[in-house]
Amino acid sequence: LPQLEQVMAQISDRCEIEGWKGLVPDGQGNLQERLLTPADVNLYHLNDNFILPSTRPHACSLVELIATHAQPAEWFVSHTWGEPVSKFILCLKQLAADRLLPPTTTFWVCAYANNQHNLTAEIGSHPTNSSFFRALKLARGTVVVLDEGATVFQRIWCVYETYLSLVE
């Protein structure tokens with residue numbers, strides 16, 4: 001969670017100053033490009049405006065860039081990229097509080113753990129060769145983060161992750 005809080009701090013510090021733009025729902029079922037506020041920023045926006053530019057010089061994942069030591073996956077997080085990062089973090093904080101998890105608890109989140117510059121290598125030729133599958137196998141549990149529309153259950157990868165968590 002401390003690293004996720006660092007990410008949120010970067011969003012708060014940089015989003016409006018740097019003029020991050022992205023597609024945001026207009027309230028009528030359409031997406032409209034506009035300047036973002038920190039509350040708007042989802043993982044699509046964060047990837048375009050922060051993760052890819054920050055990791056490009058090293059062609060690595062964000063975790064590889066900011067971690068000070070190895071971080072085995074304790075909890076695998078299944079989610080969509082469309083929910084605001086701030087709400088996503090609040091969900092994980094609530095889980096940590098509800099389960100009395102120590103602050104050192106690690107969450108595997110694809111956007112941060114995968115090298116966004118080489119997703120072909122991360123996904124592999126078969127789902128069982130993917131970084132997602134390996135992280136699921138290592139984790140002691142899976143957290144499904146629901147956005148307001150519960151779109152996580154409309155995403156095939158998320159359904160696959162939930163399925164593996166239940167049957168494997």
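Residues numbered from 1 in each chain as written. Predicted model: local features only at pLDDT ≥ 70, side-chain atom pairs only at ≥ 80, totals over all residues. Heavy atoms only, no water.

(A) Here's a closer look at the layout of surface pockets. Quantified by volume, the largest pocket comes out at close to 670 Å³. The wall of the largest pocket is formed by 33 residues, among which Q3, V63, Q71, T106 and F107 lie closest to the centre. For the lining of the largest pocket, the element with the highest residue contribution is helix 1 (residues 2-14), accounting for five residues. Here the residues of the lining of the largest pocket are counted per class, giving 19 nonpolar, eleven polar and three charged. (1 Å grid on protein atoms, 1.4 Å probe; cavity = no way out; pocket = protein on both sides within 12 Å on 5 of 7 lines; lining within 4 Å. Points joined across faces, edges and corners; volume = space filled by probe spheres on them. Helix = DSSP H or I, 4+ residues; strand = E, 2+ residues; numbered from the N terminus. Nonpolar A, V, L, I, M, F, W, Y, C, P; charged D, E, K, R; others polar.)

(B) The arrangement of helix 8 (residues 156-167) in detail. The terminal C-alpha atoms of helix 8, which comprises twelve residues, lie 16 Å apart, in line with the 16 Å expected from a rise of 1.5 Å per residue. Every buried residue belonging to helix 8 is among C158, E161, T162 and L164, and all of these are buried. What you see down the axis of helix 8 is that its buried residues fit within an arc of 160°, all on one side. Across from the buried face of helix 8, at angles greater than 90 degrees, the exposed residues are I156 and L166. Buried residues along helix 8 sit in contact with strand 3 (75-78), helix 7 (131-138) and strand 5 (141-144). (Expected span 1.5 Å × (residues − 1). Buried < 20%, exposed > 50% of the residue type's maximum accessible area, 1.4 Å probe, protein only. Arc of directions from axis to C-beta. Contact = heavy atoms within 4.5 Å.)

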